[in-house]
Amino acid sequence: MRSLSFRSNVSQSQVQMQSVAAPRLARAAAAPLIIENRVAIRFTRMGRKKLPFYRIIAIDSRTRRDGRPLEFLGWYNPLSKETSLNAPSIKKWLEVGAQPSDTVAALLKKAMVLDS
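These lines cover the structure that appears in this document, whether it is placed above or below. Predicted model only: the values in this text are computed from it and were never measured. All residue numbers here refer to positions counted from 1 along the written sequence of the relevant chain. Residue-level local features of this predicted model are given only where pLDDT is at least 70; pairs of side-chain atoms are given and counted only at 80 or more, and the full residue set underlies all totals for whole chains, interfaces and linings. The side-chain figures draw on all heavy atoms in the structure; neither hydrogens nor water molecules are used.

## As for the side chain of T44
Line of reasoning, step 1. Helix and strand definitions here come from DSSP, where helices need a minimum of 4 consecutive H or I residues and strands a minimum of 2 consecutive E residues; each element is numbered from the N-terminal end. As for its placement among the helices and strands, T44 is situated in strand β1 (residues 39-48).
Line of reasoning, step 2. For the exposure calls, accessible area comes from a 1.4 Å probe over protein chains only, and a residue counts as buried if that area is under 20% of its type's maximum, exposed if over 50%, partly exposed in between. By relative accessible area, T44 is classed as buried at 7%.
Line of reasoning, step 3. A polar contact of 2.8 Å, which involves the side chain of T44, links it to the side chain of D66. Whenever two N or O atoms come within 3.5 Å, that pair is a polar contact, provided that in protein one can donate a hydrogen and the other can accept it, and provided that, for residues adjacent in sequence, both atoms are side-chain atoms.

## Some details on the nonpolar core
Line of reasoning, step 1. To define a nonpolar core, start from buried Ala, Val, Leu, Ile, Met, Phe, Trp, Tyr and Cys residues and group those joined through side-chain atoms within 4.5 Å. If you look at the biggest cluster of nonpolar residues, it comprises 14 residues, and the most contacted ones within it are I41, F43, I56, L73, W93 and V104.
Line of reasoning, step 2. Residue assignment for this core shows that the elements contributing at least two residues are β1, β2 (51-60), β3 (71-77), α2 (87-95) and α3 (102-110).
Line of reasoning, step 3. We call two residues in contact whenever any of their non-hydrogen atoms come within 4.5 Å of each other. Among all residues touching I41, those that are not within four sequence positions of it are I56, I57, L73, I90, W93, L94, A98, Q99, P100, S101 and V104.

## Some words on unusual backbone geometry
Line of reasoning, step 1. Of note, the phi angle at K81 is positive, near 60°, even though the residue is not glycine.
Line of reasoning, step 2. Mapped onto the elements, K81 comes out in the loop between β3 and β4 (82-85).
Line of reasoning, step 3. Residue classification places K81 among the exposed residues on the basis of a relative accessible area of 60%.

So, in C-alpha cells, the structure goes:
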C-alpha cells in the first residue's frame, strides 16, 4: 500500500499568524455585542430650493435623513413659524424611548408637548 500525502499551499508563517490571530478573535467574541437600535424623532426636509418645509417623523436612528419613516408626527414651516403636531402620538413614542433631535426637542418644548 502506498501512503497518501499532500502539499499545502499555506506557508509556515501563515499558520503562525493564524494561531496568533485566533485568541484575539476568541476574546472579541466573548465581549458582549451592544447594538443601539433606537427610534429618533427628527425632521425630514420637504419643499423646494430656498423654501424649506419639514415633516416631523419617527424613524430608526441609523437611516438617512429622508429615509422611510415609522410614523409621521407633524410638520413645521420655518418661514411662517407654523407647526402642526400629533401630540398623543409624539408622547407615545417618547414613552417607549424615542429620542428627539435637539431642534425637535426645542420645538416640542415651545409647544409644551415635552416637559423641560
